[in-house]
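Read off the chains here:
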Amino acid sequence: VEPKRQLLREAQAKLDVTNAKLRAAQTELKGVEDKIAELEANYNSAVAEQDRLLAEMKTCEIKLANATKLIEGLGGEKVRWS
């Protein structure tokens, strides 16, 4: 009976070591998953900002084109008002 108890203690010790390694690996995995979530959030934020800036750029291009047309249209008025 004693040799079996000794084998059980050894197996339990190995199990304890393996469980400790598992917990450490799970903790590390959690840290990596948290970092991935943070990076994804930053990426999504940057993409949203890029989209906003592109829309603003298009609006500015339209305003610039309209202002250019207005200035060109009023170019002849300078002579008339002089």
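Each remark here, short or long, concerns the structure printed above.
1. Considering the overall build of the chain
Scanning the chain for helices and strands turns up 1 helix and 0 strands. Computed over C-alpha atoms, the radius of gyration of the chain comes to 35 Å, more than 25% over the 12 Å expected from 2.2 N^0.38 for 82 residues, which places it beyond the range of a compact globule. Taken over the C-alpha atoms alone, the chain extends approximately 115 × 15 × 5 Å along its principal axes. When each of the 82 residues of the chain is scored for burial, the buried share is 0%.

2. Section: the pattern of salt bridges
On inspection of all chains with the given rule, the structure shows 4 salt bridges. Residue Glu 2 is joined to Arg 9 by a salt bridge in which the shortest nitrogen-to-oxygen separation is 2.9 Å. As a salt-bridge pair, Asp 34 and Lys 30 come within 2.9 Å of each other at their nearest N and O atoms. Here the residue Asp 34 and the residue Lys 30 both occupy positions in helix 1 (residues 2–81), the gap between them amounting to 4 residues, near one helical turn.

3. Structural notes on the environment of Asp 51
Residue position: Asp 51 is located in helix 1. Asp 51 gets classed as partly exposed once you look at its relative accessible area, which sits at 45%. Sequence-wise, Asp 51 and Glu 40 are 11 residues apart; in three dimensions their C-alpha atoms are separated by 16 Å.

4. Side note on helix 1
Over its 80 residues, helix 1 runs 116 Å from end to end, which matches the ideal 118 Å to within 8%, given 1.5 Å per residue. Maximal helix bending in helix 1 amounts to about 35 degrees, located at Gly 75.

Reading the values: rules and limits
- Residues numbered from 1 in each chain as written.
- Predicted model: local features only at pLDDT ≥ 70, side-chain atom pairs only at ≥ 80, totals over all residues.
- Heavy atoms only, no water.
- Helix = DSSP H or I, 4+ residues; strand = E, 2+ residues; numbered from the N terminus.
- Rg over C-alpha atoms; globule rule 2.2 N^0.38 Å.
- Buried < 20%, exposed > 50% of the residue type's maximum accessible area, 1.4 Å probe, protein only.
- Salt bridge = Lys/Arg side-chain N within 4 Å of Asp/Glu carboxyl O.
- Expected span 1.5 Å × (residues − 1).
- Bend = angle between axes of the 7 residues up to and from the residue.

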